[in-house]
Amino acid sequence: MSTATDYPFGFLDSYAKKEVRRTVLKAIAIPGYQVPYSSREMPMGRGFGTGGLQLTLSLIGEGETLKVIDQGSDDSVNAVNLRHFIELTCPSINTTTRTQEATLIQSRHRIPEQPLREDQVLVLQVPYPDPLVIVEPSETRRKVMHGEADYSRLLVKLYEDLVHFKEITISHRYPTRINGHYVIDPSPIPRYDVPKLHQSPALLLFGAGREKKVYAVPPYTLAEPLVFDDVPFRTEDFTDRVSGERRACQRCGSRDSFLDEFSDPNTGGKVYQCSDSDYCTQQQEQAHGE
Amino acid sequence: MVNDNISTPTLDKVLEVRGLGKVYGNGCPHCFDLTGPEHDTNICPRCGSVVAAHNLSFDLCRGEILGIMGESGSGKSTAVKALYFDEAPTCGTAVFYDQGNAYDLYALNAAQQRQLRNQRFGMVYQNPVLGLNFNVSAGGNIAERLLMSNLSHYGEIRQRATTLLRRTEVLTQRMDELPKNFSGGMQQRVQIAKALATNPPLLLLDEVTTGLDLSVQAAILDLIMEIQQELGTAMIAVTHDLGVIRLLAGRTLVMKYGRVIESGLTDQILEDPQHAYTQRLVASAL
Amino acid sequence: MSDQPILEVRDYSKTFVLHEQGKTLPSSSHVNLNVYPGRLTALIGPTGAGKSTVLKGIYLTYLPSSGQLLYRTANGGRVDLATADEHQILALRQRDIGFVTQFLHTLPRQSTEDVVAMPLFQRGVERGTARAQARDILQRLNLPERLWGVSPATFSGGERQRVNLARGLLAKPRLLLLDEPTASLDPKTTDRVVELIAELKQGGTGLLAIFHSPALVERLADAVVELAPPPGTEHFFEGTTP
């Protein structure tokens, strides 16, 4: 039976890592541009975060501190498995659940509540890298559209949303223009997280393993959600329609975090709590410490 | 010396096409010698290439409608397809004059071509599927062209779309419906509204009334004439229909097997055709 | 009023080549005539003499086979219509040269007053003003007011001819070609047409006209040009069927 020690540090061989790193450099150099790369086979199905994983494995070094989250939680099955795999193949790294302690954060569906710093890198797992795929099936034509920054057909989608629903109904993967040119699919983060892309001090990397693409929002880069001049971008609204107040997390009481909605198994009513479990925990600790 | 010093109003030239040609296939040195009306074919017998159009030259002025007439396979659509950048010509030049600039169309890069196509040219196809996005509402189709020309104010886009649809006599209550629910004539109206969205100085019409009921045809032609008179839009109308030519075009080119066999004032083409083919065509239609 | 002709037709000939029948058909041969500002020249001659051919030739509806069609423009320049550019001809038709035929092609939806006002619209006259003038001339030509707002497509021959005349006369061209303009009009309307033509002449328009009745030639013409059928025409009219 083979053990983890049969594999090089970081599982990938050094050539694979070098290629990913070169790809990352190109992605940083051309903000928002989807750089193709030869996504390697990983010992897990594509679609389970292999794109993000390859980025993490190629970038992490000895002594660095990793945090892995899925939908805001460090404890979900996916996050646990990915963290376990990375720990196994990168023996000398540290892991943490605390956002501020991590040097590298791999995430799916969320950007942590706590503001990121310049010395941190966030890797986001991406299922569908191209925002134009909903309006143009041909990749050749999509490439031309990206090249010419022709996103009018995406805006038509928003127009149709406004016509039919009186508002833009995109909840996740909100198309966002990076550095005034390329529009990216920012991965399935909620609209709530989109403003965090803008002028982020931390480097944001996006990896799509199945689609073999890497793209980046470099630190301090413009990131503007596609909107109409007279229809401002809105993030999720957690206001309770009855009380008129913003809902609070039932665990930590925070009123300024992204909330998940649950139904209470006892009462059958709706309860809300922070989606970012680390943030929630730290808020509770702070409350106790005071 | 006659013909100088003429006090005609300065004609604003919109378009100057010279030697435009389109060959499908590899071509050979004999393609042009062995095809054309005198050979009764546009397929080169040596190499099998199709000479869709050869040596097409014409000028188009502001407010003028030029008719291009011919049967299917005559190459009459080649010019409009090439001008709208749907297909690249094999040879020839086209210069578009707009707001003090002259654009050598086939020397422009793809982005510049797209910009002209989106903002300064309008196209109405025979088949609405080519001109309209059927997954998007009638208003959304117009919005698309406005968005392409960088208008990004939702309210303004709605306003413009409403005005355009009203102008082309589409019930504005239906502007949020998908065009597939519309009749053929109504789809053409939406196409015309879309083509006009950016007030283009050049409008290309490719068999716009073919396949429509006669009464609907008449109404569409009326609309086109009104637009020409109101906006001074220069147009090229491609058709096999002499009636359309008679109503719309001031000047006409007659094409056969990829060649212009005759050109002139439309009334002259219809009443004193010079070429045997045109004489036959006119005689059979009257 | 100038003594310089507004139009000089010099040695104009027109022969139709009918490819299908393998025939050539001479229609006008060596026609010479002048039209002067403020005067009416009448074309007379038997059927087949090519009277209409000359008018259509001057209007460039027929391509000339040979000869010159020298037109004097408002600023004194001369254009040979026979060799002029198509765009020049279109521009002259819009501003300078009018043609009233017996036929009228109009769009189904256009109201009669708009049909009549069209030449003025095309010259950029304000629409309200142009329509007012159109109504005025329709009134003078006795076209019933209830018809002004509808399309002439369904009109009778006489009604259409009045619309056609109204349009041609309202445009006040510098040169007006008339091809049997009163053929289907009642005497009273014909009188009105005579009046209007006299007004145009006063305004300096040069006219070249074909009338169906010698009486009208008598009343209106300042000069008469008689055309004879060109040599070779007889064969055609004797109609020896092959």
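Parameters and conventions
Residues numbered from 1 in each chain as written. Chains lettered and ligands numbered in written order. Predicted model: local features only at pLDDT ≥ 70, side-chain atom pairs only at ≥ 80, totals over all residues. Domains from an automatic or database assignment. Contact = placed C-beta atoms within 7 Å. Helix = DSSP H or I, 4+ residues; strand = E, 2+ residues; numbered from the N terminus. Nonpolar A, V, L, I, M, F, W, Y, C, P; charged D, E, K, R; others polar. Pairing = 2+ DSSP bridges. Axes fitted to C-alpha atoms, helices over the stretch in contact; angles between N-to-C directions. Buried ≥ 20, exposed ≤ 12 C-beta atoms within 10 Å, placed from the backbone. Parallel < 35°, antiparallel > 145°, perpendicular 65-115°, else oblique. Left-handed = near helix turned anticlockwise from the far one by under 90°. Core = buried A, V, L, I, M, F, W, Y, C linked by C-beta atoms within 7 Å. UniProt positions renumbered as here; feature names shortened; annotations may be inferred.

### Notes on the domain arrangement of chain A
Residue and element names in this part refer to chain A.
And then number 1: Each assigned domain of chain A is listed with its residue range as follows: domain 1 (4-225) and domain 2 (237-290).
And then number 2: Domain 1 and domain 2 are separated by 27 Å when their C-alpha centres are compared.
And then number 3: With 14 residues of domain 1 at the contact, the number on the domain 2 side is seven residues.

### What to know about the interface of chain A and chain B
And then number 1: At the junction of the two partners, chain A supplies 14 residues and chain B supplies 17 residues.
And then number 2: Here the side of chain A that touches chain B takes eight residues from helix α5 (residues 152-165) of chain A, the largest share from any one element.
And then number 3: Here the residues of the side of chain A that touches chain B are counted per class, giving eight nonpolar, one polar and five charged.

### A closer look at the sheet that holds strand β1 (residues 13-24) of chain B
Consider a sheet: its strands pair through backbone hydrogen bonds, and that pairing is either parallel or antiparallel.
Residue and element names in this part refer to chain B.
And then number 1: Ordered by their spatial adjacency, four strands build an open sheet running β2-β1-β4-β5, and the pairing between neighbours is antiparallel. At either end of the open sheet lies a strand with only one pairing partner, and these are β2 (50-61) and β5 (101-104). Taken pair by pair, the neighbouring strands of this sheet meet at an average axis angle of 15°, ignoring direction.
And then number 2: One ladder, built from five bridges, connects β1 with strand β4 (residues 91-98); its direction is antiparallel. Note that in β4 the partner of Gly21 across the bridge is Cys91.

### Some thoughts on the sheet that holds strand β6 (residues 176-178) of chain A
And then number 1: Ordered in space as β7-β6-β10 (chain A), the three strands form an open sheet in which the pairing is antiparallel. Bordering the open sheet on either side are β7 (183-184) and β10 (223-225) of chain A, each of which pairs with just one other strand.

### Observations concerning the pairing of strand β8 (residues 234-239) of chain B
All names here are of chain B.
And then number 1: Counting buried positions over the six residues of β8 gives six, a clear majority of the element.
And then number 2: By the alternation rule, side chains of β8 split into Ala234, Ile236 and Val238 and Met235, Ala237 and Thr239, which are all buried.
And then number 3: The pairing of strand β3 (residues 65-69) with β8 spans five bridges and is classified as parallel. Each bridged residue has a counterpart across the sheet, and for Leu66 the counterpart in β8 is Ile236.
And then number 4: Relative to β8, strand β7 (residues 202-206) is paired through five bridges, and the arrangement is parallel. Counted as the bridge partner of Leu204 is Ile236 from β8.

### Comments concerning the packing of helix α3 (residues 112-122) of chain C against helix α4 (residues 127-140) of chain C
Residue and element names in this part refer to chain C.
And then number 1: As a packed pair, α3 and α4 sit with axes 8 Å apart at the nearest point and diverge in direction by 120°. On the basis of the axis angle, α3 is oblique to α4. Relative to α4, the crossing made by α3 is right-handed. For the pair α3 and α4, contact is made by Thr112, Glu113, Val116, Ala117, Leu120 and Phe121 and by Arg127, Ala130, Arg131, Gln133, Ala134, Arg135, Ile137 and Leu138, respectively.
And then number 2: Across the contact of α3 with α4, the residue classes break down as eight nonpolar, two polar and four charged.

### A closer look at the nonpolar core
And then number 1: The biggest cluster of nonpolar side chains holds 198 residues, and the ones touching the most others in it are A:Leu205, B:Ala79, B:Leu205, B:Ile236 and C:Ala166.
And then number 2: Apart from residues lying up to four places away in sequence, B:Ala79 is in contact with B:Val17, B:Leu20, B:Ala53, B:Leu56, B:Ile68 and B:Ile236.
And then number 3: In terms of nonpolar packing, the next biggest core, distinct from the first, is built from seven residues, A:Tyr192, A:Cys249, A:Leu259 and A:Cys280 among them.

### Describing the UniProt feature "domain: ABC transporter" (unreviewed entry) in chain B
And then number 1: If you check UniProt for "domain: ABC transporter" (unreviewed entry), the listed places come out as residues 38-282 of chain B in our numbering.
And then number 2: Along residues 38-282 of chain B one finds 39% helix and 23% strand; the C-alpha atoms at either end are 19 Å apart.

### Here's the deal with the packing of α3(C) against helix α5 (residues 157-170) of chain C
All names here are of chain C.
And then number 1: Running from N to C, α3 and α5 cross one another at 25°; their axes reach a closest spacing of 8 Å. As judged from the angle between their axes, α3 and α5 are roughly parallel. Note on packing geometry: the crossing formed by α3 with α5 is right-handed. Residues Thr112, Val115, Val116, Met118, Pro119 and Leu120 of α3 pack against Val163, Ala166, Arg167 and Leu170 of α5.

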